[in-house]
Amino acid sequence: MRKYYVYIMSSKRNGTLYIGVTNSLLRRVFEHKEGKIEGFTKKYGLKNLVYYEKYESIEDAILREKQLKGWLRKKKIDLIESCNRNWEDLYYMDSSLRSE
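None of these values were measured; they are calculated from a predicted model.

Conventions and cut-offs
- Residues numbered from 1 in each chain as written.
- Predicted model: local features only at pLDDT ≥ 70, side-chain atom pairs only at ≥ 80, totals over all residues.
- Heavy atoms only, no water.
- Helix = DSSP H or I, 4+ residues; strand = E, 2+ residues; numbered from the N terminus.
- Contact = heavy atoms within 4.5 Å.
- pLDDT = per-residue confidence, 0-100.
- Buried < 20%, exposed > 50% of the residue type's maximum accessible area, 1.4 Å probe, protein only.
- Pairing = 2+ DSSP bridges.
- Axes fitted to C-alpha atoms, helices over the stretch in contact; angles between N-to-C directions.

1. Details of the environment of Y4
Note on placement: Y4 falls in strand β1 (residues 4-10). C-alpha separation for the pair Y4 and N23, spaced 19 residues apart in sequence, amounts to 4.4 Å. Each residue touching Y4, except ones within four places of it in the same chain, is listed here: T22, N23, E53, K54, Y55, E56, S57, I58 and A61.

Right, here's the structure in full:
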């Protein structure tokens, strides 16, 4: 079964945020880290995966992405800190990502 992810990248703690959706979180975050994708994340140096959620349907993932993008910044920060208080880079910290 295919998995889809909504994720938040950051430049640093309380820094610039980017919310995206993908079907391969490891690949997509690697692309952000390496600057392989032109655009917002490359321009602002967003290389830290600070939050993600997993979905079984692309429709649900896209709905959640749109919901999060509509939130005020404070609510987004509260969401990140609810499970990643120290703003660790989950790309390196969360071993469950390796089984994607």
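2. Considering the confidence of the model for the chain
Summarising the model, the chain shows a mean pLDDT of 93, and 97% of its residues fall at 70 or more. Ranking the elements of the chain by mean pLDDT puts helix α5 (residues 90-93) last with 88 and helix α3 (residues 58-70) first with 98.

3. Let's talk about the environment of G45
As for its placement among the helices and strands, G45 is situated in the loop between α2 (40-44) and β3 (48-55). Accessibility expressed as a relative area gives 29% for G45, which makes it partly exposed. Remark: the alpha-carbon pair of G45 and E81, spanning 36 residues in sequence, is separated by 21 Å.

4. Some details on the sheet that holds β3
Taken in spatial order, the three strands of this open sheet run β2-β1-β3, and their pairing is antiparallel. The sheet is open, and its two borders are formed by β2 (17-22) and β3, each paired with just one other strand. Direction aside, the axes of adjacent strands within the sheet are offset by 20° on average. Alignment of β1 against β3, held across seven bridges, turns out to be antiparallel. From the neighbouring strand, M9 faces β3, where its bridge partner is L49. Of the strands in this sheet, β1, β2 and β3 are in contact with helix α1 (residues 25-34), which crosses β1 at around 25°.

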